[in-house]
Amino acid sequence: ATTEIYTLSLHELFRSPLYALVTVLEVPLALHAGTPPGTIGAATAADVVGLQAWVPAITFVGNTPGWSVSVELTFYALFPWLALAGGRARVVLPLAFAAALACAAAPALVPAASGAATFLKCGPLLRLPEFVVGIALGRAFVAARASGASGASGAPQPRGVADALAAIARSEERRVGKECRSR
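Note that the coordinates shown come from a computational prediction; the quantities given were computed from them, not determined experimentally.

Calculation notes
Residues numbered from 1 in each chain as written. Predicted model: local features only at pLDDT ≥ 70, side-chain atom pairs only at ≥ 80, totals over all residues. Heavy atoms only, no water. Core = buried A, V, L, I, M, F, W, Y, C linked by side-chain atoms within 4.5 Å. Buried < 20%, exposed > 50% of the residue type's maximum accessible area, 1.4 Å probe, protein only. Helix = DSSP H or I, 4+ residues; strand = E, 2+ residues; numbered from the N terminus. Expected span 1.5 Å × (residues − 1). Salt bridge = Lys/Arg side-chain N within 4 Å of Asp/Glu carboxyl O. Phe/Tyr/Trp six-rings, centres within 6.5 Å; stacked < 30°, edge-to-face > 60°.

## Description of the nonpolar core
Item 1. With 14 residues, the main nonpolar core has W67, V71, L82, V92, A96, L128 and V132 as its most contacted residues.
Item 2. Those elements giving two or more residues to this core turn out to be α4 (66-85), α5 (89-105) and α7 (124-147).
Item 3. The leading source of residues in this core is α7, at five residues.
Item 4. With five residues, the next largest nonpolar core counts C103, A106, F119 and L120 among its residues.

## Here's the deal with helix α2 (residues 17-32)
An α-helical turn contains 3.6 residues, so a residue and the one three or four places further along point in the same direction.
Item 1. When the terminal C-alpha atoms of α2 are compared, their 23 Å separation across 16 residues agrees well with the 22 Å that a helix rising 1.5 Å per residue should span.
Item 2. Looking only at α2, the buried set comprises Y19, T23, E26 and A30.
Item 3. Where α2 ends, the next residue or the one after it, G34, has phi of about 90°, a positive value.

## Structural notes on the pattern of salt bridges
Item 1. For the structure on display, the rule yields one salt bridge.
Item 2. Where R127 meets E130, a salt bridge forms, and the shortest distance between an N and an O atom there is 3.1 Å. With R127 and E130 both in helix α7, this residue pair falls three residues apart, about one helical turn.
Item 3. Assessed through its relative accessible area of 40%, E130 is described here as partly exposed.

## Some remarks on the packing of aromatic side chains
Item 1. Inspection of every chain in the model, using the stated rule, returns three aromatic pairs.
Item 2. For the ring pair W54 and F119, a centre distance of 6.4 Å and an interplane angle of 50° mean the geometry is tilted. Here W54 is found in the loop between α3 (37-49) and α4, whereas its partner F119 is found in helix α6 (residues 115-122), with 65 residues between them in sequence.
Item 3. The exposure class assigned to W54 is partly exposed, which follows from its relative accessible area of 33%.
Item 4. Ring geometry for F75 and F131: centres 4.5 Å apart, planes at 15°, overall stacked. Here F75 is found in helix α4, whereas its partner F131 is found in helix α7, with 56 residues between them in sequence.
Item 5. Using a relative accessible area of 23% as the deciding quantity, one classes F131 as partly exposed.
Item 6. The rings of F75, F79 and F131 are connected pair by pair, giving a single aromatic cluster.

This is the structure we're talking about:
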């Protein structure tokens, strides 16, 4: 099933005339900018197969916004396993949210112009926690809908991240308060 999803994704990607046009137009523009032909060739090949986000040296050569498509294709390929391994949204969501925050802060730990910084900002692995948060929120939404939970409008209302964090904070305050009163 994963191969089918990835194949479908590549098919949809290259059916897009805008993506194909930008991939072709990048070559003369990059040459004019003085980018070495070997780098342009590698970047164009990576653009075509959707792997430019995996190689920091070419992530921003040519079709610069294409790195996000590269990340998306990685997520398409991983989704079946992530959805199965995701388990319960209540457990996964706080962990994935914390990991996403840590990954968002990671680029500040390395020199801004380095390949490491590029990979930390654009690499699929460090964007993965954001995607897992989305899967967990999706699971929470589907569970809320299945249980019949609804808001005033009648539409299902999944718990937001802020609500979940506030509930965790309140339970921690109660626990600490009990410990203080028992002393």
